[in-house]
Amino acid sequence: MPLAAEYGDQIKSSIADLKNVGGRGGSSISAALFLKEFVKEAPWAHLDIAGTVWANGPTGYGVRTLYRLAEEAPNTEFKEPKKDKK
């Protein structure tokens, strides 16, 4: 998921350090930018599954992916993410 800096304005707040609700457009990107502020050096991923989880009731969408990631992470060499172009 691109961490496009222009969406960073959506998580700015006049009364807090950050807000965890972005605008309608790019909301998954602003959510990832929000998380990025807290993970710093650790490898991380933002799985945007909210829209598909409640198709016709709870579906469990994404659970297998998350399970696989957790299962394989100890044996995986993570690479540095690509830096955003400015």
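These numbers were taken from a predicted model, which means no experiment stands behind them.

Engineer: Mind showing me how you'd approach the overall build of the protein here?
Structural biologist: Each helix and strand in the protein was counted, giving 3 helices and 0 strands. The helix and strand sequence of the protein, counted from the amino end, reads α-α-α. Within the protein, the proportion of its 86 residues that are buried is 14%. Relative to all contacts within the protein whose residues are 6 or more apart in sequence, the contacts with residues 24 or more apart total 32%. For the protein, the accessible surface area stands at approximately 7,600 Å², while carbon and sulfur atoms represent 55% of it.

Engineer: What exactly am I supposed to notice about the confidence of the model for the protein here?
Structural biologist: Residues shown with low pLDDT carry predicted positions that ought not to be read at fine detail. With 78% of its residues at a pLDDT of 70 or more, the protein has an overall mean of 79. Here helix α2 (residues 50–53) is the element of the protein with the lowest mean pLDDT, 66, and helix α3 (residues 63–72) is the one with the highest, 87.

Engineer: What should I look at first to understand the environment of Lys-79 in this one?
Structural biologist: Along the polypeptide, Lys-79 turns up in the segment after α3. The spatial distance from the C-alpha of Lys-79 to the C-alpha of Pro-43 is 8.5 Å, given a sequence separation of 36 residues.

Engineer: Whenever I open this one, the packing of aromatic side chains confuses me. Can you help?
Structural biologist: Ring pairs (aromatic) are described by centroid distance and by the angle formed between their planes. In this structure the tally under the stated criterion is 1 aromatic pair. Taking 5.1 Å as the distance between ring centres and 55° as the angle between the ring planes, the aromatic pair formed by Phe-34 and Phe-38 counts as tilted. Taken together, the residues span about one helical turn, with Phe-34 and Phe-38 both in helix α1 (residues 27–39) at a distance of 4 residues. The exposure class of Phe-38 is exposed, given its relative accessible area of 56%.

Engineer: Explanation requested: α1 in the structure shown.
Structural biologist: Given 3.6 residues to a turn, an α-helix orients residues that are three or four positions apart in the same direction. With 13 residues, α1 extends 19 Å between its outermost C-alpha atoms, agreeing within 8% with the 18 Å of an ideal straight helix rising 1.5 Å per residue. Taken residue by residue, α1 has Ser-28, Ile-29, Ser-30, Ala-32 and Leu-33 as its buried positions. Once α1 ends, the next one or two residues include Lys-40, with phi positive near 50°.

Engineer: How should I be thinking about the environment of Glu-72 in this particular structure?
Structural biologist: Here Glu-72 lies in helix α3. One polar contact links Glu-72 to Arg-68, side chain to side chain, over a distance of 2.6 Å.

Engineer: Quick question: what am I supposed to make of the pattern of salt bridges here?
Structural biologist: Side chains that carry opposite charge are capable of pairing whenever their charged atoms lie near each other. Applying the stated criterion to the full structure yields 2 salt bridges. Across the pair Lys-12 and Asp-9 runs a salt bridge whose closest N-O atoms are separated by 3.0 Å. With respect to burial, Lys-12 and Asp-9 carry one shared label: exposed. A salt bridge links Glu-72 to Arg-68; its shortest N-O distance comes to 2.6 Å. With Glu-72 and Arg-68 both in helix α3 and 4 residues apart, this pair spans about one turn of that helix.

Definitions and cut-offs
Residues numbered from 1 in each chain as written. Predicted model: local features only at pLDDT ≥ 70, side-chain atom pairs only at ≥ 80, totals over all residues. Heavy atoms only, no water. Helix = DSSP H or I, 4+ residues; strand = E, 2+ residues; numbered from the N terminus. Buried < 20%, exposed > 50% of the residue type's maximum accessible area, 1.4 Å probe, protein only. Contact = heavy atoms within 4.5 Å. Areas by Shrake-Rupley, 256 points an atom, 1.4 Å probe, with all protein chains shown as cover. pLDDT = per-residue confidence, 0-100. Phe/Tyr/Trp six-rings, centres within 6.5 Å; stacked < 30°, edge-to-face > 60°. Expected span 1.5 Å × (residues − 1). Polar contact = N/O pair within 3.5 Å; in protein donor to acceptor, adjacent residues only side chain to side chain. Salt bridge = Lys/Arg side-chain N within 4 Å of Asp/Glu carboxyl O.

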